[in-house]
Amino acid sequence: METALLLSFAVLLLIGVLISERAHRTVLSTAVLFLVGGFLLGPGALGFITVSAGDPIVGALAELALFSVLFTDGMRVGFGDLRSAWRLPGRALLLGLPLTLGLTAVFAHVVAGLPWLESFLLGAILAPTDPVFAAAIVGREEVPGRLRHLLNVESGVNDGLALPIVLILLAAAGGSDARGEELLFEIVLGILVGVVVPVAVLALERLPFLQATRSLQPLLAVSIGLLVLAICQATHANLFLGAFAAGITVATLGRGLRHEFEQFGELVTELLKLAAIMVFGALITPVFLFSEIPFAGWIFALLALLIARPLALLVSFLGAKLSMREQAAAMWFGPKGFASVVYGLIILESGITRADDVYHLVALVIVLSILSHSSTDVLIARQFGERVKSPGKRTEHA
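None of these values were measured; they are calculated from a predicted model.

Caption draft 1: Here's a closer look at the overall build of the protein. Within the protein one finds 19 helices and 0 strands. Per-residue burial for the protein yields a buried fraction of 53% across its 398 residues. Just so you have it, the protein exposes about 17,600 Å², and 68% of that area is on carbon and sulfur atoms.

Caption draft 2: Region of the structure containing the pattern of salt bridges. Enumeration over the complete set of coordinates arrives at 3 salt bridges. With a closest N to O distance of 2.7 Å, arginine 146 and glutamate 326 form a salt bridge. Of this pair, arginine 146 sits in helix H9 (residues 145-172) while glutamate 326 sits in helix H16 (residues 324-332), and the two are 180 residues apart along the sequence. When its relative accessible area of 0% is taken as the criterion, glutamate 326 is described as buried. In this structure, arginine 354 and aspartate 357 form a salt bridge, with 2.6 Å as the shortest nitrogen-oxygen distance. A residue is classified by how much of its surface remains accessible, and aspartate 357, at 35% relative accessible area, is partly exposed.

Caption draft 3: Structural detail: the packing of aromatic side chains. Counting across every chain of the model gives 7 aromatic pairs. Aromatic pair tryptophan 116 and phenylalanine 120: ring centres 5.8 Å apart, planes at 35°, arrangement tilted. Linking tryptophan 116 with phenylalanine 120, this pair stays in helix H7 (residues 116-126), spanning 4 residues, or about one helical turn. Take tryptophan 116: its relative accessible area is 41%, and that puts it in the partly exposed class. The partly exposed category is assigned to phenylalanine 120, whose relative accessible area is 33%. Counting every residue linked through ring pairs, the aromatic cluster contains Phe71, Phe261 and Phe264.

Caption draft 4: Examining the side chain of aspartate 159 more closely. Note on placement: aspartate 159 falls in helix H9. When near neighbours in sequence (up to four residues on either side) are disregarded, aspartate 159 contacts Val69, Leu70, Asp73, Pro128, Thr129, Ala339 and Tyr343.

Caption draft 5: Structural view of a nonpolar patch on the surface. Judged by side-chain polarity, Leu95, Phe295, Ile299, Leu302, Leu306, Ile307, Leu311, Leu314, Val315 and Leu318 come together as a nonpolar surface patch covering roughly 880 Å² of accessible area. In terms of residue count, the dominant contributor to the nonpolar patch is helix H15 (residues 295-316) (8 residues).

Caption draft 6: A look at the nonpolar core. Counting residues in hydrophobic clusters, the biggest one holds 105 residues, and the most contacted among them are Leu122, Phe280 and Phe300. In contact with phenylalanine 300, not counting residues within four places along its chain, are Thr104, Phe107, Ala108, Val111, Ala112, Leu122, Leu126, Leu361 and Val365. Val143, Leu150, Met331 and Phe333 belong to the second largest nonpolar core, which has 16 residues in total.

Caption draft 7: Looking closely at the environment of leucine 150. As for its placement among the helices and strands, leucine 150 is situated in helix H9. Residue leucine 150 is classed as buried on the basis of its relative accessible area, which comes to 1%. For the pair leucine 150 and arginine 91, spaced 59 residues apart in the sequence, the C-alpha separation amounts to 9.6 Å. Other than its neighbours up to four places away in sequence, leucine 150 contacts Leu88, Pro89, Ala92, Phe317 and Ala330.

Caption draft 8: Looking closely at the packing of helix H4 (residues 56-76) against helix H17 (residues 338-350). Packing of H4 against H17 brings their axes to within 10 Å, and their N-to-C directions diverge by 140°. Comparing the axis directions of H4 and H17 gives the class oblique. Relative to H17, the crossing made by H4 is left-handed. Residues Val58, Gly59, Ala62, Ala65, Leu66 and Val69 of H4 pack against Phe338, Ala339, Val342, Tyr343, Leu345 and Glu349 of H17. Residues of the contact of H4 with H17, tallied by class, amount to 10 nonpolar, 1 polar and 1 charged.

Caption draft 9: Region of interest: the environment of leucine 192. Tracing the chain through its elements places leucine 192 in helix H10 (residues 180-205). By relative accessible area, leucine 192 is classed as partly exposed at 48%. When the C-alpha positions of leucine 192 and alanine 237 are compared, they lie 9.1 Å apart, and in sequence the two are 45 residues distant.

Caption draft 10: Representation of unusual backbone geometry. At histidine 236, a residue that is not glycine, the phi angle is positive and equals roughly 65°. The residue histidine 236 is located in the loop between helix H11 (217-235) and helix H12 (239-253) in this model.

Caption draft 11: Main features of the packing of helix H1 (residues 2-18) against helix H3 (residues 30-41). At their nearest, the axes of H1 and H3 sit 10 Å apart, and the two run at 145° to each other. Relative to H3, H1 is oriented so that their crossing is right-handed. Counting all contacts with H1, which are made through Ser8, Phe9, Leu12, Leu13, Ile15 and Gly16, the residues of H3 involved are Thr30, Leu33, Phe34, Gly37, Gly38 and Leu41. Classifying every residue of the contact of H1 with H3 gives 7 nonpolar, 5 polar and no charged.

Caption draft 12: Quick look at the environment of alanine 173. Take alanine 173: it is sitting in the loop between H9 and H10. For the pair alanine 173 and glycine 351, spaced 178 residues apart in sequence, the C-alpha to C-alpha distance is 9.7 Å. The contact partners of alanine 173, leaving out residues within four places of it in the chain, are Leu117, Glu118 and Ile352.

Caption draft 13: Up close: H1. End to end, H1 covers 24 Å across 17 residues, agreeing with the expected 24 Å (1.5 Å per residue, within 8%). For H1, the set of buried residues is Ala4, Leu5, Ser8, Phe9, Leu12 and Gly16. When H1 is viewed along its axis, its buried side chains cluster within an angular range of 125° and face the same direction. Across from the buried face of H1, at angles greater than 90 degrees, the exposed residues are Thr3, Leu6, Leu14, Val17 and Leu18.

Cut-off values and rules
Residues numbered from 1 in each chain as written. Predicted model: local features only at pLDDT ≥ 70, side-chain atom pairs only at ≥ 80, totals over all residues. Heavy atoms only, no water. Helix = DSSP H or I, 4+ residues; strand = E, 2+ residues; numbered from the N terminus. Buried < 20%, exposed > 50% of the residue type's maximum accessible area, 1.4 Å probe, protein only. Areas by Shrake-Rupley, 256 points an atom, 1.4 Å probe, with all protein chains shown as cover. Salt bridge = Lys/Arg side-chain N within 4 Å of Asp/Glu carboxyl O. Phe/Tyr/Trp six-rings, centres within 6.5 Å; stacked < 30°, edge-to-face > 60°. Contact = heavy atoms within 4.5 Å. Patch = residues over 30% accessible without salt bridge, like charges linked within 9 Å, V, L, I, M, F, W, Y side chains within 5 Å. Core = buried A, V, L, I, M, F, W, Y, C linked by side-chain atoms within 4.5 Å. Axes fitted to C-alpha atoms, helices over the stretch in contact; angles between N-to-C directions. Parallel < 35°, antiparallel > 145°, perpendicular 65-115°, else oblique. Left-handed = near helix turned anticlockwise from the far one by under 90°. Nonpolar A, V, L, I, M, F, W, Y, C, P; charged D, E, K, R; others polar. Expected span 1.5 Å × (residues − 1). Arc of directions from axis to C-beta.

What follows is the structure, given as structure tokens:
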């Protein structure tokens, strides 16, 4: 199985790199390539990849990828960045995130028929967003800077904010052996490890006889991440919150290190995410989508994508100085990303009563989100570019 996974990933990666320039200019998407490639190579189609949600390699890959995602997400949002331009991201995170969670929970209960506790758990899993599925919006200069900053900061922070809610609701649903005080200890210890380790390493690095050469600066950040990962696993601290706290600490105290690590870290995280998306695609089969998910589940998925976040962001941005075009783009581009994939797998392995139902709905929403958001980001970014070029119209700046 490992050889088939490696060969499949290598081929898809080669194709993705070779079409990356065209994908940057069209509706082609690397994320969709790996999702569809995993689906076609998986048990539901060609059967070249044979994986199941319970396979150790699936859990290990998902865990490592999410750790890397949260570490690099934290690197994007040091405290200085949050203080300098917090107003719009703050609205999206402090008001939009809980509203999205609540609306999704209401739809899950009323439409999909889940109990309230599982409904709120589903809402917490689907609340985070991921900019990788809207790369043309956050990565193009023609898109207003404040919109790109809003989506980048929001997606960088909401994974970490949603995680404690997921863990607490999962424990309440009986999906964790840890008691309340043990869960709280794991969360607090994870954050503590994520702060103390980078502080100690950066203090050592500032000593004259221990400075790293410029070429090895990215590996200093990698060593911090690996130390946090190892210590969290050894102490049973929450490694995901440890990763997120470590990223924020490095971004705050070591801005030069953050800059050196940025490209290297993004590439490593992208590789892990794409591998996990391929495996996730292999777990999705026609039977999974069209037989195991009832019609009400499809209605819920559409409501979660088309109503929950757009309505939550509409309320959050009341009175904000955003143009209608920017506000509409922010409302639409809340793609459900990799964090939701891993949170869904955690639920599936938890053994709670409605674990299968929750995971099926999570998977459906993520699939629809990847397909819809990854195929519309270039088109909407192009509209911003045309607006900038139109005579008589001013470019909007952050």
